[in-house]
Amino acid sequence: DSLWISISPSSGNQAGDYTIAISVEPNLTGADRSATISIICGGSKITITVTQKKEKEDGEIPVAVADVSLNKSELTLVVGDTATLVATITPANADDKTLTWSSSNTSVATVSETGLITTHTLGEAIITVTTTDGNKTASCAVMALPGITMTMVGDGTVGVELGGSGTATLNWGDGSSEILALTDSINYITHIYVLFGNHTVTITGADIKYLRCYVNRLITLDVSKNTALTYLSCGYNQLSTLDVSKNTELTYLNCSNNQLSALVSKNTALTHLLCKNNQLTALDVSGNTALRILDCSLNQLSALDVSENMVLTTLDCRYNQLSAGALNVLFGTLQGNTGWPRSIYIEGNPGESGCNKSIAEDKGWWPW
């Protein structure tokens, strides 16, 4: 039934030896093909299978793919991040280098036709590349973990403190990385940058609860993908933005002495908020219903409302732009207290001398 192959002679009726010539048409189909020749004599049958390789238009046999490999066999990424795998076909002069990419778990990670991986949720996925020619495969195991990224400027020694359970992997952004075993006690780790520049640090771990990155010349900090965080201290850096809206477990936040002009903090579990010496012109703490300590001194606040902060015991709003009227309004939002007097610090505000401190005092607060 194969029109591309013919034999001669196709039959015989005499005893003796036969020489059979097999002729084929050029194979320009783009794929190998096979045909079966059956020779029957009496009750005997001989079967010959003929396979014809695909050809190019010039008649040459294409160079077949022998193997494919990837530049990485394992990859750990922060949820939401991307990375590109590079596939190498052997031999390099193979004619058909087309590839197909696939993921074993597309809810965790997807892959594009160019090998670009995007992680979506926590978990593991196997990324596989398959050659069209020969169905050769190579795979990379991708682990998507919660993570923290930060950008440090300069050179010299930097350090971070971490706490939690399991392990944390620190990629320092200069080609070096290390794995740290986390415990309930705080783990302090340092690194020395030889070259001056911007260094992007990535910290991954399934259960990082504590991060202190004080005095590290940070210009960016992204903790949104590490929702287990309960303690964050990132003061004395150069941060102009900070979003902790997704860190719903956070109880302690110290972002003092940065360059923040806005702060997104709706964390209902937060008990301590220290954001002094920034550039805040407004501060909304209405969502911080568990707040007990608030230090927003040395900013540019012209108004402040703590009416939703029912358990607040200490409020430091010194050296802002609060007028006498604004301070009186603030006093009016303080919760009444019949126990030990609570403290509110108002020194250095324009309205310090003209405000009515008795409003606060009548509620059991001491204005300082």
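The shown structure was predicted, so the numbers you read here are calculated from the model rather than taken from an experiment.

Caption draft 1: Spatial organisation of the overall build of the protein chain. Across its full length, the protein chain carries two helices and 26 strands. Its C-alpha atoms give the protein chain a radius of gyration of 35 Å, more than 25% over the compact-globule value 21 Å for 368 residues. Along the first, second and third principal axes, the C-alpha atoms of the protein chain reach 130 × 40 × 35 Å. Partitioning the contacts of the protein chain with sequence separation of at least 6, the portion at a separation of at least 24 is 43%. Total accessible area on the protein chain stands at roughly 18800 Å², and carbon and sulfur atoms take up 51% of it. The positive charge centre, built from 20 side chains, and the negative charge centre, built from 34, are 5 Å apart in the protein chain.

Caption draft 2: Here's a closer look at the side chain of Arg 342. Counting through the fold element by element, Arg 342 comes out in strand β25 (residues 342-345). Buried and without a salt bridge, Arg 342 has Asp 305 as its closest oppositely charged side chain, separated by 13 Å. Arg 342 has contacts with Met 310, Val 311, Leu 312, Thr 313, Asn 337, Gly 364, Trp 365 and Trp 366, leaving out every residue within four places of it along the chain.

Caption draft 3: Representation of the pairing of strand β3 (residues 33-41) within the structure. Two strands pair when backbone bridges link them, and β3 and strand β4 (residues 44-52) are joined in this way by nine bridges, in the antiparallel orientation. Opposite Ile 37, over in β4, you have Ile 48 as the bridge partner. In textbook terms, the turn of a hairpin is the stretch between consecutive antiparallel strands, and for β3 and β4 this stretch comprises two residues, one of which, Gly 42, has a positive phi near 60°.

Caption draft 4: The arrangement of helix α1 (residues 324-333) in detail. Taken together, the buried positions of α1 are occupied by Ala 326, Leu 327, Leu 330, Phe 331 and Thr 333. The buried residues of α1 occupy an angular sector of 160° when projected down its axis, which confines them to one face. Taken together, the buried residues of α1 touch β24 (314-316), β25 and α2 (358-361).

Caption draft 5: The arrangement of the pairing of strand β11 (residues 116-119) in detail. Side chains Ile 117 and Thr 119 of β11 all project onto a buried face; the interleaved residues Leu 116 and Thr 118 project onto a face where none is buried. Here three bridges tie strand β7 (residues 82-84) to β11, and the two strands are oriented antiparallel to one another. By the bridge assignment, Thr 82 is partnered in β11 with Thr 118. In textbook terms, the turn of a hairpin is the stretch between consecutive antiparallel strands, and for strand β10 (residues 109-111) and β11 this stretch comprises four residues, one of which, Gly 115, has a positive phi near 90°.

Conventions and cut-offs
Residues numbered from 1 in each chain as written. Predicted model: local features only at pLDDT ≥ 70, side-chain atom pairs only at ≥ 80, totals over all residues. Heavy atoms only, no water. Helix = DSSP H or I, 4+ residues; strand = E, 2+ residues; numbered from the N terminus. Rg over C-alpha atoms; globule rule 2.2 N^0.38 Å. Contact = heavy atoms within 4.5 Å. Areas by Shrake-Rupley, 256 points an atom, 1.4 Å probe, with all protein chains shown as cover. Lys, Arg positive; Asp, Glu negative; His and termini not counted. Charge placed at Lys NZ, Arg CZ, Asp CG, Glu CD. Buried < 20%, exposed > 50% of the residue type's maximum accessible area, 1.4 Å probe, protein only. Salt bridge = Lys/Arg side-chain N within 4 Å of Asp/Glu carboxyl O. Pairing = 2+ DSSP bridges. Arc of directions from axis to C-beta.

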